[in-house]
Amino acid sequence: GQIYGMQADFKNAEFFLDSALILSGNTNYKKARIGVLNNLAVVYGLQALYEKALKAHLEALKLRQDIDDKQGMASSYNNIGIIYDFLKQPDKALDYFQKSAELETNIGDKKGLANSLASMANIYLLKKEYEKALDNLEKSLKTREEMKDKAGICSSLLGMAQVYQAKKDFETALGYFRKGLVLAKELGNKENIGICHLSIGEMLVEKGIYDTGIKNLLEAVKIFEDAILNDMLSECYLSLSNAYSKT
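Residues numbered from 1 in each chain as written. Predicted model: local features only at pLDDT ≥ 70, side-chain atom pairs only at ≥ 80, totals over all residues. Heavy atoms only, no water.

S.K.: What is the right way to read the overall build of the protein chain from this model?
M.R.: For the protein chain, the helix and strand inventory stands at 13 helices and zero strands. Taken from the N to the C terminus, the helices and strands of the protein chain come in the order α-α-α-α-α-α-α-α-α-α-α-α-α. By residue count, 45% of the 247 residues in the protein chain fall in the buried class. Sequence-distant contacts, at least 24 apart, represent 47% of the contacts inside the protein chain between residues at least 6 apart. Surface exposure of the protein chain reaches about 13,100 Å², of which carbon and sulfur atoms provide 53%. (Helix = DSSP H or I, 4+ residues; strand = E, 2+ residues; numbered from the N terminus. Buried < 20%, exposed > 50% of the residue type's maximum accessible area, 1.4 Å probe, protein only. Contact = heavy atoms within 4.5 Å. Areas by Shrake-Rupley, 256 points an atom, 1.4 Å probe, with all protein chains shown as cover.)

What follows is the structure, encoded as C-alpha cells:
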C-alpha cells in the first residue's frame, strides 16, 4: 500500500492499506495497525481528503495512548496539528502542536521540540501574532543551535526573516535572510536559496533599490527553473512584473 501511495496510485494504495487495516484489527497487533493508519493518513492527505486523514491520525493517537508510546503520541499530535492547519483551523492546529511540544519537552526529544515550536510559530504568523511567532522561533533556533542542526538553523532563520518581513521591518528581515542564504548555500538547498533571493529582491524593490532587487529576483527565477519549482516561479514572475512597473 505504501509503495502504491508513493507512486500516486491512490486507489490501489487505499485497497491494500484497508486490507492491512482489517488484518491488523483481527490480530489485535496495535503497532502494525498504527503503521497502517499513518500510511492511510498520508495517502488521504496527498489527495486533500483531510477529514479522512484526521480520522486515521486520531485513531493512531488513541492506540499510541493505549500502549503508552510517548514518542509516537508526540508524532501523532504533530500530524493532527498539520491536518488542522490544512483544514484552516489554526486554533486547533496550535493546540495539538502545543501538546506535541509539551510531550517532547518531557521525553527530551529536542529535534521534535524544535519542529513543534517552528510549527507553532507558523500558526502565530498566520494569526498575525508576530511577537509570539518570534518567541517560538527564537526557542526553536536556540534548540537547533544546541544540536548543531544546520538545516534546522537555516529553517529557523528564514522563519524569523519572514515574520520581520510581515511586520514591514525590512532591515531586520534582510539580515536574517542573508544569514539564512549563507547556510542554504552551504547546505546546497536550492529551494531555500531561491526563497532568500526572492524575499531579498522583493524587499529591496519595496525600499526603492530596484537594480539590486531585480538582480535578486532574476537569480531566484534561475534557481527555481533549475529545480522545477513552478509554484515559486509564479511568485517570482509576479514580483518581477511589480518591480519593472516601478522602474
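S.K.: Would you explain the pattern of salt bridges in this entry?
M.R.: Here the idea is simple: oppositely charged side chains can pair when their charged atoms come close. Considering all chains together, one arrives at 16 salt bridges under this definition. As a salt-bridge pair, Lys167 and Glu131 come within 2.8 Å of each other at their nearest N and O atoms. Of this pair, Lys167 sits in the loop between helix 9 (150–166) and helix 10 (170–187) while Glu131 sits in helix 8 (residues 130–147); the two residues are 36 residues apart in sequence, bridging distant segments of the chain. Classification of Lys167 as partly exposed rests on a relative accessible area of 32%. Here Glu131 falls in the exposed class, since its relative accessible area comes to 53%. Put simply, Lys207 and Glu171 hold a salt bridge, and the shortest N to O gap is 2.5 Å. Here Glu171 lies in helix 10 and Lys207 lies in the loop between helix 11 (190–206) and helix 12 (210–227), a separation of 36 residues in the sequence. Judged by relative accessible area, Lys207 falls into the partly exposed class, the value being 36%. (Salt bridge = Lys/Arg side-chain N within 4 Å of Asp/Glu carboxyl O.)

S.K.: How should I be thinking about unusual backbone geometry in this particular structure?
M.R.: If a residue is not glycine, its phi is most likely negative; likewise, a peptide bond is most likely trans. Unlike most non-glycine residues, Lys128 shows phi in positive territory, near 60°. Its location among the elements puts Lys128 in the loop between helix 7 (110–126) and helix 8. A positive phi angle, close to 55°, is found at Ile228, a residue other than glycine.

S.K.: Mind showing me how you'd approach the environment of Gln98 here?
M.R.: Secondary-structure assignment places Gln98 in helix 6 (residues 90–107). The exposure class of Gln98 is partly exposed, given its relative accessible area of 28%. Along the sequence, Gln98 and Tyr77 sit 21 residues apart, while their C-alpha atoms lie 8.5 Å from each other. The residues contacting Gln98, other than those within four sequence positions of it, are Met120 and Tyr124.

S.K.: Looking at this model, I keep getting lost on the packing of helix 11 against helix 13 (residues 230–246). Mind explaining?
M.R.: Helix-helix packing is described using two parameters, namely the angle between the two axes and the distance between the axes. At a minimum axis separation of 10 Å, helix 11 and helix 13 run at an interaxial angle of 20°. Judged by the angle between their axes, helix 11 and helix 13 are roughly parallel. Handedness of the helix 11/helix 13 crossing: left-handed. The segment helix 11 lies against helix 13, with Ile195, Leu198, Glu202, Val205 and Glu206 engaging Met232, Glu235, Cys236, Ser239, Asn242, Ala243 and Lys246. Within the contact of helix 11 with helix 13, the residues separate by chemical class into six nonpolar, two polar and four charged. (Axes fitted to C-alpha atoms, helices over the stretch in contact; angles between N-to-C directions. Parallel < 35°, antiparallel > 145°, perpendicular 65-115°, else oblique. Left-handed = near helix turned anticlockwise from the far one by under 90°. Nonpolar A, V, L, I, M, F, W, Y, C, P; charged D, E, K, R; others polar.)

S.K.: For this particular structure, what's the right way to read the packing of helix 9 against helix 11?
M.R.: It is at 12 Å that the axes of helix 9 and helix 11 come closest, and there the two elements cross at 20°. Considered as vectors, helix 9 and helix 11 are oriented roughly parallel to each other. At the point where helix 9 passes helix 11, the crossing takes the left-handed sense. Mapping the contact onto sequence places Cys154, Leu158, Gln162 and Gln165 in helix 9 and Asn192, Ile195, Cys196, Ser199, Glu202 and Met203 in helix 11. Tallied by class, residues from the contact of helix 9 with helix 11 come to five nonpolar, four polar and one charged.

S.K.: Sorry, what's going on with the side chain of Ser119 here?
M.R.: Following the sequence through the fold, Ser119 ends up in helix 7. For Ser119, a relative accessible area of 16% gives the class buried. Those residues in contact with Ser119 that sit more than four places away from it in its chain are Asn78 and Phe97.

S.K.: I would appreciate a short explanation of the packing of aromatic side chains in the present structure.
M.R.: Describing an aromatic ring pair means giving the distance of the ring centres and the angle of the ring planes. Scanning all chains against the criterion turns up four aromatic pairs. Between Tyr84 and Tyr96, the ring centres sit 5.8 Å apart and the planes meet at 25°, which makes this aromatic pair stacked. Remark: Tyr96 occurs in helix 6 and Tyr84 occurs in helix 5 (residues 70–86); sequence separation between them is 12 residues. Of the two residues, Tyr84 and Tyr96, neither departs from the other in class, the shared state being buried. Linked through ring pairs, Tyr77, Tyr84 and Tyr96 together constitute an aromatic cluster. Here the guanidinium or amino end of Lys99 rests over the ring plane of Tyr96, the centre of that ring lying 4.6 Å away. The ring of Tyr176 has Lys179 lying over it, and the distance from NZ or CZ to the ring centre is 5.4 Å. (Phe/Tyr/Trp six-rings, centres within 6.5 Å; stacked < 30°, edge-to-face > 60°. Lys NZ or Arg CZ within 6 Å of the ring centre and 35° of its normal.)

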